[in-house]
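What the coordinates show
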Amino acid sequence: MNASMDLTSFSRSDMSRQFKAMQEKHLQKIDTLEKHTQQLQEDLDAKDVEIATLRVEYEEKLAAKELVIKDLKHRQEVMAQEFAEMLKETLDKMAECLESTDDKGINFDKDPNQSLLT
C-alpha cells in the first residue's frame, strides 16, 4: 500500500507540476497577446489621428480650390459682360456707319467699289 501511495503522490505532484507549467505557459501567452493587442490599439489610434489630420488637410485644400473656382467663375462672368458691351458698341458703331452711308446715298448694290469716304 505504501508503494501505491507513493505512486499516487508522485502522480499528483507530477500532475501539479504539469498544471503549473501549462498555467505559466498560458499566462505568458496571454501576456504576449495582451501586449500585442495594446500595440495594435496604439497603432490604430495613431492611424486615426493621421486620418483626421489628412481629412482636415483635404478639406482645407478642397475649400481653397472651391474658392479659386468661384473666383474664376466670377471673372468669367465679368469678362463675358465686358465682351457683350464691346460687341454692342461695335454693332452700334456699325449701325451708325450704315446709317451714315444710307444718308449719303451710297448704294453698294449698284457700285461695290464706291468709297465710304466720299
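The rules behind each value
- Residues numbered from 1 in each chain as written.
- Predicted model: local features only at pLDDT ≥ 70, side-chain atom pairs only at ≥ 80, totals over all residues.
- Heavy atoms only, no water.
- Helix = DSSP H or I, 4+ residues; strand = E, 2+ residues; numbered from the N terminus.
- Buried < 20%, exposed > 50% of the residue type's maximum accessible area, 1.4 Å probe, protein only.
- Areas by Shrake-Rupley, 256 points an atom, 1.4 Å probe, with all protein chains shown as cover.
- Salt bridge = Lys/Arg side-chain N within 4 Å of Asp/Glu carboxyl O.

Topic: the overall build of the chain
- Within the chain, the regular secondary structure consists of one helix and zero strands.
- Burial statistics for the chain: of 118 residues in total, 2% are counted as buried.
- Split by element, the accessible area of the chain, about 11400 Å² in all, is 60% carbon and sulfur.

Points about the pattern of salt bridges
- Scanning the model with the defined rule gives four salt bridges in all.
- A salt bridge links Glu 50 to Lys 47; the nearest nitrogen and oxygen atoms lie 3.7 Å apart. With a gap of three residues between them, Glu 50 and Lys 47 both fall in helix H1 (residues 2–104), about one helical turn apart.
- Notably, a salt bridge pairs Lys 88 with Asp 92, separated by 3.2 Å at the nearest N-O pair. Linking Lys 88 with Asp 92, this pair stays in helix H1, spanning four residues, or about one helical turn.
- Look at Lys 88 and you get exposed, because its relative accessible area is 52%.
- By relative accessible area, Asp 92 is classed as partly exposed at 36%.

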